[in-house]
Each structure stands twice: as C-alpha cells, then as structure tokens.
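# Examination of the molecular architecture
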Amino acid sequence: GSDTSGSLIAAMMRAHHLEIWTDVYGMFTGDPRIMPHVRLIQKISSREAQELATSGAKVLHPRCIGPAAMFGVPIEIHNTMDPSSQHTVITVEDYVKVSTEGSVDGKGGSRAGNSPWQSPFASPLPSPVASPREPFSS
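Structural notes, computed from the coordinates. All figures in this text were calculated on a predicted structure; none of them were measured in a lab.

## A few points about helix α3 (residues 62–70)
In an α-helix, one full turn covers 3.6 residues, which means residues spaced three or four apart are oriented alike. Summarising burial for α3: seven of the nine residues are buried, a large majority. Among the residues of α3, those classed as buried are C64, I65, G66, P67, A68, A69 and M70. At its buried positions, α3 is contacted by α1 (2–13), α2 (46–54), β5 (75–79) and β6 (88–91). Where α3 terminates, the next one or two residues include G72, which has phi positive at roughly 70°.

## Remarks on the pairing of β5
Counting buried residues along β5, five of its five residues qualify, which places the element largely inside the surrounding structure. By the alternation rule, side chains of β5 split into I75, I77 and N79 and E76 and H78, which are all buried.

## Some details on α1
End to end, α1 covers 16 Å across twelve residues, agreeing with the expected 16 Å (1.5 Å per residue, within 8%). By the burial criterion, the buried members of α1 are D3, T4, G6, S7, A10 and A11. Projected down its long axis, α1 carries its buried residues within an arc of 160°, all on one side. Along its buried surface, α1 packs onto β1 (18–22) and α3. R14, located one to two residues past α1, shows a positive phi value of around 50°.

## Comments concerning the nonpolar core
Counting residues in each nonpolar core, the largest one holds 21 residues, and the members touching the most others are M27, L60, I65, V73, I75, I77 and I90. Elements supplying a minimum of two residues to this core: α1, β1, α2, α3 and β5. Looking at this core, the element that brings in the most residues is α3, giving four residues. Beyond its immediate sequence surroundings of up to four residues, I77 is in contact with I20, T22, Y25, G26, M27, V59, L60, H87, T88 and I90.

## Brief notes about the packing of α2 against α3
Remark: α2 packs on α3, axes separated minimally by 8 Å, with the N-to-C direction vectors making an angle of 165°. Judged on the interaxial angle alone, α3 and α2 are roughly antiparallel. In this structure, α2 crosses over α3, and the sense of that crossing is left-handed. Counting all contacts with α2, which are made through S46, A49, Q50, A53 and T54, the residues of α3 involved are P62, I65, G66 and A69.

## A look at the environment of T54
Position of T54 among the secondary structure elements: in helix α2. In this structure the side chain of T54 is engaged in a polar contact, spanning 2.8 Å, whose partner is the backbone oxygen of Q50.

Reading guide: rules and limits
Per chain, residues are indexed from 1 in the order of the written sequence. Residue-level local features of this predicted model are given only where pLDDT is at least 70; pairs of side-chain atoms are given and counted only at 80 or more, and the full residue set underlies all totals for whole chains, interfaces and linings. To obtain the side-chain values, all non-hydrogen atoms of the structure were included, while hydrogens and water were left out. Accessible area is worked out with a 1.4 Å probe on protein chains only. A residue is then buried under 20% of its type maximum, exposed over 50%, and partly exposed in between. Helix and strand definitions here come from DSSP, where helices need a minimum of 4 consecutive H or I residues and strands a minimum of 2 consecutive E residues; each element is numbered from the N-terminal end. The contact rule is simple, with two residues in contact once any of their heavy atoms fall within 4.5 Å. Each helix should span, by expectation, one fewer than its residue count multiplied by 1.5 Å. The arc in question is formed by the directions pointing from the helix axis toward the C-beta atoms. Note on terminology: a nonpolar core comprises buried Ala, Val, Leu, Ile, Met, Phe, Trp, Tyr and Cys residues joined through side-chain atoms within 4.5 Å. Axis geometry follows a simple rule: fit a line to the C-alpha atoms, using only the stretch in contact for helices, then measure angles between N-to-C directions, giving values from 0 to 180 degrees. Our angle categories are set so that under 35 degrees counts as roughly parallel, over 145 as roughly antiparallel, 65 to 115 as roughly perpendicular, and the remainder as oblique. For any pair of crossing helices, the crossing counts as left-handed if the nearer helix is rotated counterclockwise from the farther one by less than a right angle, and right-handed if it is rotated clockwise. Throughout this description, a polar contact denotes any pair of N or O atoms lying within 3.5 Å of each other; where both atoms belong to protein, one of them has to be capable of donating a hydrogen while the other can accept it, and for residues adjacent in sequence the pair is counted only when both atoms sit in side chains.

By themselves, these observations are geometric and do not establish any function.
This is how it looks when you write it as structure tokens:
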C-alpha cells in the first residue's frame, strides 16, 4: 500500500526520514485490541520492526521497512488524529546502508561482484538530491 510506496520513494530520494501518518500511535508491545496493558514502542530497530510486521503487526506492511532501512531512511509512525502525541521511530543503524556513491557496504565499495543481489537504486553517480546527513534524532 501507501506505506510501501512511500518507503520506495523515500529510498530513491535518499530522504532524511519518512513519516507514516495512520490511525494508531505506532508499534506496540502487543495487540491493543486484545491486551489491555500494552505499551507504545518509541524506538525500535529496523530489523525488530521488520520481524514484528512479518509476525502480524498491522501498522506497516512487512515490505515497507526494507527499502527505507537499506538507504538509511528512518521511519516515523504518527497518529493522524493526535499529531503532537508520542510516536514510534524505526531506526536504521542496524541495517546495511547504501552510500550516495551507490555502495552497498557502507564503506564506498560495492559488493556487486560478491553477491547476486544488487540494489535497483544503486547508481555509480551521486544523486543530485542526496546530501550527507547527520544521524537522525527525534
């Protein structure tokens, strides 16, 4: 859906971060419809968020997290009905990042020769909209 499309576009644009606005506050420690005392997860790694999404968390499609994480784009999940409330931030430090030079190892080198997988977004030239960015902080 729209979360996956947004993630792909944010990855291609090498955005600073991606905001997903939805009807919930973010990711929780359990299903709030079943468990009365669940807590909002304010910060979670991309791998943990991927695991929750794959295991049935409905807030994001499982395929939404990968593209953003691969390109170092953190995801924020906000509640549309309560914009100033707490929210979930999905961090990307634990994921392989692609540099603006098209590298997939995060060190300026390419793993294309070592792996059959190559990012469809990797480019030997820097993106005109890409710029080095500071680590994300909320």
